[in-house]
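# Structural overview for review
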Amino acid sequence: MILNKEGSKFKIFEVESESELIVVCNEKQSAILGLDSESKKKFYFIEFQQQNTERFFGLVNGGHGIEPTVAKIEKSIAIISSDKSVYLVDLNDLHSITQVICESLVYDVLLIQGNSSQILIICELEVRCLSLAGSQIWRYDCDIISEFKLYENHLEISTDDGDVKISLEDGSLF
């Protein structure tokens, strides 16, 4: 296995094949996320440290050039993004996994500062604001996003159509 990324509470390992991922996940009795991926080209094993215990997940990725992202927020919620999906995982209840499927590839997932119960999903063709339960609070559809920057009360995105500022509160334009 090759260590790909490491955070303070998680590690991501890239494995060579889907069969190797299945073997490792069966040994660890862990779920595999992304099995519904349109193309299965990259395979990852994710290890979380949670209250002196380890939690594990497998992840199948389409290999579109955007690496999966992993973040642990709150005390027991992990956010994993890959391809067009974002997974909200309760690390205390490994059967509690919410999958949010977006219309385009997920670039990044950001926690809204000052509101730890909401996240922003930045995609190729849209921005979504979700609760940690996975409910959509607002959505903004656009042309291909080339750049984005998060500010205290708004998100600024650049597209071929120009730059826009989106309110974090309700998704309206400034």
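Data block above holds the structure.
A quick note: this is a predicted structure, and the numbers were derived from the prediction, not measured.

### Some remarks on the overall build of the chain
Scanning the chain from terminus to terminus reveals one helix and 16 strands. At 16 Å, the chain has a C-alpha radius of gyration in line with the 16 Å of a compact globule built from 174 residues. Along the longest, intermediate and shortest principal axes, the C-alpha atoms of the chain span 50 × 35 × 25 Å. Counted over contacts in the chain with a minimum sequence separation of 6, partners at least 24 positions apart contribute 35%. If you sum the accessible surface of the chain, you get close to 9,100 Å²; carbon and sulfur atoms cover 44% of it. Both charge centroids of the chain, one from 15 positive and one from 29 negative side chains, sit 6 Å from each other.

### Brief notes about the packing of aromatic side chains
Summed over the entire model, instances satisfying the criterion amount to three aromatic pairs. The interplanar angle of 15° and the centroid separation of 5.3 Å between the aromatic rings of Phe 45 and Phe 56 together place this pair among those described as stacked. Note that Phe 45 is positioned in strand E4 (residues 42-50) and Phe 56 in strand E5 (residues 53-61), a separation of eleven residues in sequence. Of the two residues, Phe 45 and Phe 56, neither departs from the other in class, the shared state being buried. Relative to Phe 57, the ring of Phe 48 lies with its centre 6.2 Å away and its plane at 80°, an arrangement referred to as edge-to-face. One exposure class covers both Phe 48 and Phe 57, and it is buried.

### Topic: empty space enclosed by the protein
Regions of empty space are outlined by a rolling probe, equal in size to a water molecule, passed over the atoms. Using the criterion set out here, one finds one cavity of 30 Å³ or more in the structure. Approximately 30 Å³ is the volume attributed to the largest cavity. Every residue lining the largest cavity is listed: Ile 66, Glu 67, Pro 68, Ser 81, Ser 82, Asp 83 and Val 106. A breakdown of the residues in the lining of the largest cavity according to their chemical character gives three nonpolar, two polar and two charged.

### Focus on the pattern of salt bridges
Using the criterion set out here, one finds six salt bridges in the structure. When the shortest N-O distance is used, the salt bridge between Glu 18 and Lys 40 registers 3.6 Å. Placement of the pair is Glu 18 in helix H1 (residues 18-28) and Lys 40 in the loop between strand E3 (31-33) and E4, with a sequence separation of 22 residues. Overlapping salt bridges, with partners in common, bring together Glu 126, Arg 128, Arg 139 and Asp 141 in one network.

### Section: the sheet that holds strand E10 (residues 106-111)
Strand order in this open sheet of four strands is E10-E11-E12-E13, and the pairing throughout is antiparallel. Lying at the two open borders of the sheet, with one neighbouring strand each, are E10 and strand E13 (136-141). When strand polarity is set aside, the average angle formed by the axes of neighbouring strands in this sheet is 15°. In terms of strand pairing, strand E12 (residues 126-131) meets E13 through five bridges, oriented antiparallel. The partner of Glu 126 across the bridge, within E13, is Asp 141.

### Things to note about unusual backbone geometry
Located in the positive-phi region is Gln 29, a residue other than glycine, with phi close to 50°. Relative to the elements of secondary structure, Gln 29 occurs in the loop between H1 and E3.

### A look at the environment of Ile 12
By the element assignment, Ile 12 lies in strand E2 (residues 10-15). On the basis of relative accessibility, which here comes to 3%, the residue Ile 12 falls in the buried class. Placed 57 residues apart in sequence, Ile 12 and Thr 69 show a C-alpha to C-alpha distance of 9.4 Å.

Analysis parameters
Residues numbered from 1 in each chain as written. Predicted model: local features only at pLDDT ≥ 70, side-chain atom pairs only at ≥ 80, totals over all residues. Heavy atoms only, no water. Helix = DSSP H or I, 4+ residues; strand = E, 2+ residues; numbered from the N terminus. Rg over C-alpha atoms; globule rule 2.2 N^0.38 Å. Contact = heavy atoms within 4.5 Å. Areas by Shrake-Rupley, 256 points an atom, 1.4 Å probe, with all protein chains shown as cover. Lys, Arg positive; Asp, Glu negative; His and termini not counted. Charge placed at Lys NZ, Arg CZ, Asp CG, Glu CD. Phe/Tyr/Trp six-rings, centres within 6.5 Å; stacked < 30°, edge-to-face > 60°. Buried < 20%, exposed > 50% of the residue type's maximum accessible area, 1.4 Å probe, protein only. 1 Å grid on protein atoms, 1.4 Å probe; cavity = no way out; pocket = protein on both sides within 12 Å on 5 of 7 lines; lining within 4 Å. Points joined across faces, edges and corners; volume = space filled by probe spheres on them. Nonpolar A, V, L, I, M, F, W, Y, C, P; charged D, E, K, R; others polar. Salt bridge = Lys/Arg side-chain N within 4 Å of Asp/Glu carboxyl O. Pairing = 2+ DSSP bridges. Axes fitted to C-alpha atoms, helices over the stretch in contact; angles between N-to-C directions.

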